Each structure stands twice: as C-alpha cells, then as structure tokens.
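Tertiary structure, described
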Amino acid sequence: MLLTHHRNSATCLAKQVKLATVTDQAVGVSLVGFSLLLFTYYSIWVIVLPFVDADHVLHQYFLPREYTVILPGVAALVVLLCIGAFVGVVMLKNHKPKKVD
C-alpha cells in the first residue's frame, strides 16, 4: 500500500514538475531575451555611439552620455538594497530568542 501511494505521489509530482518546467522555461527565455536586448543596447550606447557624429540619426534613440554611469550605479544600488532587505528579513524570521536558565 505504501509503495502504491509513493508511486502515485511520484507520478503526480512528475506532472507538476512538467507544468512548472514549461512555465520556468518561458520565464527563463524571456529573461535571457531581455538581458540580451539590454546588453546590446548598452554596448552600442557605450562602445559605438562615441565614434558616431553627434548629428547622426542614431543618437535620437539613446539617452545622454551622462546616464551611462548613472543608470548602472542606480541599478547596482537597488540590487544591493534588495539583497540587504532579503538577508534582513531572513535573519528576522530565523531569529530564535535565547533561553534564560
């Protein structure tokens, strides 16, 4: 009886994993696509654009050059704040008060 229940649970779990895998793959592909697009945009902005004439039509698709430093700095700050908040929440949830003898 226990083996049968275990096999049914494994089959049910395998079905759940397949459903989650399709969703995870879709999210993963979209994140990779977004990252590739962002990397390409930023690389063109930082590496190619300084060598293009200032009156060229390509400049209208990019922000001013000052933002090449400001935006990654702000993004890094936001990421560090999120990591710090996550670590703080985990530490607060796992806090166990000391027993007084």
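Model, not experiment: these values are computed from the prediction.

This paragraph deals with the overall build of the protein. Looking only at helices and strands, the protein has two helices and zero strands in total. Classification of the 101 residues of the protein by burial places 6% in the buried group. For the protein, the exposed surface amounts to about 9,300 Å²; the carbon and sulfur share of it is 73%.

Time to look at a nonpolar patch on the surface. A contiguous nonpolar patch, built from Tyr41, Leu63, Tyr67, Ile70, Leu71, Val74 and Val78 and spanning about 580 Å² of accessible area, is present on the exposed surface. Broken down by element, the nonpolar patch gets its largest block of residues, five residues, from helix H2 (residues 67–93). By the secondary structure assignment, Leu71 is in helix H2.

Moving on, we get to the packing of aromatic side chains. A full pass over the atoms with the stated rule returns three aromatic pairs. Note on Tyr41 and Phe62: the rings are 4.7 Å apart at their centroids and 25° apart in plane angle, and the pair reads as stacked. Taken as a pair, Tyr41 in helix H1 (residues 2–48) and Phe62 in the loop between H1 and H2 lie far apart in primary sequence, 21 residues in all. In this structure Phe62 comes out as buried when scored by relative accessible area, which is 13%. An aromatic cluster of at least three residues, connected via ring pairs, comprises Tyr41, Tyr42, Trp45 and Phe62.

Moving on: the environment of Tyr41. Its relative accessible area of 32% is what places Tyr41 among the partly exposed residues. Residues Tyr41 and Phe62, 21 residues apart in the sequence, show an inter-C-alpha distance of 8.6 Å. Within the structure, the side chain of Tyr41 is placed 3.1 Å from the backbone oxygen of Tyr61, a separation counted as a polar contact.

Parameters at a glance
- Residues numbered from 1 in each chain as written.
- Predicted model: local features only at pLDDT ≥ 70, side-chain atom pairs only at ≥ 80, totals over all residues.
- Heavy atoms only, no water.
- Helix = DSSP H or I, 4+ residues; strand = E, 2+ residues; numbered from the N terminus.
- Buried < 20%, exposed > 50% of the residue type's maximum accessible area, 1.4 Å probe, protein only.
- Areas by Shrake-Rupley, 256 points an atom, 1.4 Å probe, with all protein chains shown as cover.
- Patch = residues over 30% accessible without salt bridge, like charges linked within 9 Å, V, L, I, M, F, W, Y side chains within 5 Å.
- Salt bridge = Lys/Arg side-chain N within 4 Å of Asp/Glu carboxyl O.
- Phe/Tyr/Trp six-rings, centres within 6.5 Å; stacked < 30°, edge-to-face > 60°.
- Polar contact = N/O pair within 3.5 Å; in protein donor to acceptor, adjacent residues only side chain to side chain.

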